[in-house]
Amino acid sequence: MPPRKSSANGSSSSSSKKDEIQVSKSPAEFFAENQSIAGFDNPGKSLYTTLRELIENSLDACESVNVLPDISVTIEEMTQAQFNKMRGVPSGSPAKKQKKLDEKDDSTTATDAAAEKAGGKGSKKPRRSGGDAYFLVTVLDNGCGMAHEAIPDLLGRVLSGSKYGVRQTRGKFGLGAKMALIWSKKSTGVPINIKTSHVKGVRGGGGGSLLTEDGKRKIGPKVSSCVLDIDIYKNQPRVIEHKQQDNKEGWIGTQMQVLVAGNWTTYKSRVVQYLQQLAIITPYAKLEMAYSNRTDEKKAFNLQFDRRSEQMPAQAREVKHHPSSVNNLLIQQLLERTRSTTLLKFLTSDLSGITAAVGKKLIDRLGSSFDADMGPDEMDDKQITRLVQLLRSTDNLFKSPDGGCLSPLGEYNLNLGIQKVVEPEIIATARDKPGAYDGHPFIVEAAVSLGGKDAKEGITVVRFANRIPLLFEGGADVATRVANSKIKWSSYKIDHKRDKIGVFVSIVSTKVPFKGTGKEYIGDDITEIQQSVKRALQGCCQQLRAHLAKRNALRDVKERKSRLLKYIPDVSKSLFGILEVMQKRKQEESDGVVRPASPRKRTAEWSPMKRIKTNEEDVNSILDRMSKGEISEQILKQSLQEAVEINADAVFGIDGNDNGDTRKGGSTSKKDDNDDKQPLCLVPIYDEPNCPGSNVIRHPLFDFYPINISP
């Protein structure tokens, strides 16, 4: 039968539509194909994200049972040949492989020569991407561990988790460790290895403590070992090995080992930066990282951040949804799950911030189709929409969102963390009052530091969200934009171009308003958060202003002191030269030699200013001391230096060796009232100070007086 001709209007496309098949994908399959959503953009970023997710899981495991975290990370890099040897992967014949490499090199050389001939010297050779390798990543913690029977579902089922409630959490969607497993499966085909010990009755999320009443550590009787894979098409765990053995060593915690492909060359600095910032936001944790390279042992290095504080933040507790944060789907879900028998009971029991009186007012405003005694299951879609509209538009009747669902780090810990890692010269911290946007509570903590180890000139912004460091896309973040454009640094005695300013902003919330799929920055379109960040930074700057005023004054004194000390050798030389001339003239007068008066010498009638008369007795006394060797150029130089030092101490009441360190707890020397604070200063000849004349150096050209300078 001949094929059917297509009509003019293109109706033959109906045959292609019949070939289309609707396919549904599991969550694991979806994220395996769209891994960039979870931060697995490329091999380097995937390695970084794998480390980050495993470390943050370990922190959650420790914090959930109130145990100070001890986390150890080991990264072992290997080449493809080493990976194949370890896994037993067959490789091609060495002779054939070498022949292919030679042919490739010959073809590359010929291509480069042709390109150079065509393009001349200006042609550029194509850059070859390199650095991809395989990494054996091991993360060990001392947290709550995992129950033996729960391990497969905890790590092998995407979007399954225990953090879907209304409380502050590092993760929310149950993706982190599962995505590490998916990336391992995609890049190497190797399952993950889990070793864990768990105490029965102790679980994460505030489900108990690992400490007994007398403060001793509880020990689980068994150690579980599991080799786990995942079936991405069914979103189900595939258990390869799952066994238990006696806990003879008395160990508790979790060890996860994963073998993934990655690029260490491009993301080494990011991994180190992440650990440094994590040490700032978790000063109560001990973090260790050991990197090794099987090919080059010289590249190995270790990082360690010791625990600085033993005060952990309080655990965030789960609360009910605030009326301002609901939507149609959420209300419908709550209505289906509620145990309340009436609408009034539902409003007061299943939502936060609504009292019985407020509930009755809301029902009255809803209209005649609503009744306080109607059952939640009687509401249809239109009534649900009307209820949601009223709840979101009525703010003045509800209480503020409950802040108990938040767990900020605290100013004390934030200060210690920055001092531990950055080592600044001065630091100030502040926490703004709790706020809310769209019914979601949040708290902003901030710190501003000056100076520090490896600090750069200008403003360096370090950002945290729910106590997680944010390293990417910082230019669009609300903290960066507020620090660069909303703060008038000059008003606080800070030079934002020359000073080394560190800005640290930590935002915690039940729903952090991330922008983009990577969750790497917080936009500045939420006015409440932007204003809160600005107030917190201004609070830090106000604390620094008094210290900075003193620092600037100290800097001015040091500059003035430096200028004076610079000219002391010339001044002492000139003074001694004048005294020598005076001594010579005195000797000539005693020998009867008469010289004409100097043209500069004027009488009182000639000068508009009254001339100070020279005291002959004082002049003779000074010349006699000079003859005895009590006055010399070196003595004058030393006396002037002492006078400059004493003047600085007298004015500012500080030790001349003070280095300007104004950190809290710094000490300064007190002024000694017994010291003679009398610096020597040059004054105009027409201005006679009120002081004893015994220490005055008089000369026809000038007089040199000691005077008191009051601060």
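The present account deals with the structure reproduced in this document. Just so it is clear, the structure is predicted and the values come from calculations on it, not from any experiment.

Strand β14 (residues 500-509) sits mainly inside the fold: nine of its ten residues count as buried. As paired elements, strand β11 (residues 440-450) and β14 share nine bridges and run antiparallel to each other. Residue pairing for β14: alanine 446 is matched across the bridge by valine 505. Note: strand β12 (residues 458-465) against β14, eight bridges, orientation parallel. Within the sheet, the bridge partner assigned to arginine 463 lies in β14 and is valine 505.

In the Ramachandran plot, asparagine 466 falls in the positive-phi region, its phi being about 55 degrees despite a non-glycine side chain. Within the secondary structure layout, asparagine 466 lies in the loop between β12 and β13 (468-470). Asparagine 466 sits in the buried class, given a relative accessible area of 8%. In this structure, glutamate 473 takes a positive phi of about 55 degrees despite not being glycine. By the secondary structure assignment, glutamate 473 is in the loop between β13 and α14 (478-485).

Another aspect to go through is the packing of aromatic side chains. Summed over all chains, the structure comprises ten aromatic pairs. A centroid spacing of 4.2 Å and a plane angle of 5 degrees characterise the contact between phenylalanine 83 and tyrosine 134, whose relative ring orientation is stacked. Of this pair, phenylalanine 83 sits in helix α4 (residues 80-87) while tyrosine 134 is found in strand β2 (residues 132-141), placing the two residues 51 residues apart along the sequence. A relative accessible area of 6% means that phenylalanine 83 is categorised as buried. Owing to a relative accessible area of 15%, tyrosine 134 belongs among the buried residues under this scheme. Between phenylalanine 135 and tryptophan 264 the ring centres are 6.4 Å apart and the planes differ by 40 degrees, which places this aromatic pair in the tilted class. With phenylalanine 135 in strand β2 and tryptophan 264 in helix α8 (residues 264-281), this pair connects stretches of sequence that are 129 residues apart. Accessibility expressed as a relative area gives 0% for phenylalanine 135, which makes it buried. Among the residues examined, tryptophan 264 registers a relative accessible area of 6% and is labelled buried. Each member of the aromatic cluster is reached from another via a ring pair, and the members are Tyr48, Tyr267, Tyr274 and Phe472. The side chain of lysine 45 reaches across the aromatic face of phenylalanine 472, ending 4.6 Å from its centre.

Thresholds applied
- Residues numbered from 1 in each chain as written.
- Predicted model: local features only at pLDDT ≥ 70, side-chain atom pairs only at ≥ 80, totals over all residues.
- Heavy atoms only, no water.
- Buried < 20%, exposed > 50% of the residue type's maximum accessible area, 1.4 Å probe, protein only.
- Helix = DSSP H or I, 4+ residues; strand = E, 2+ residues; numbered from the N terminus.
- Pairing = 2+ DSSP bridges.
- Phe/Tyr/Trp six-rings, centres within 6.5 Å; stacked < 30°, edge-to-face > 60°.
- Lys NZ or Arg CZ within 6 Å of the ring centre and 35° of its normal.

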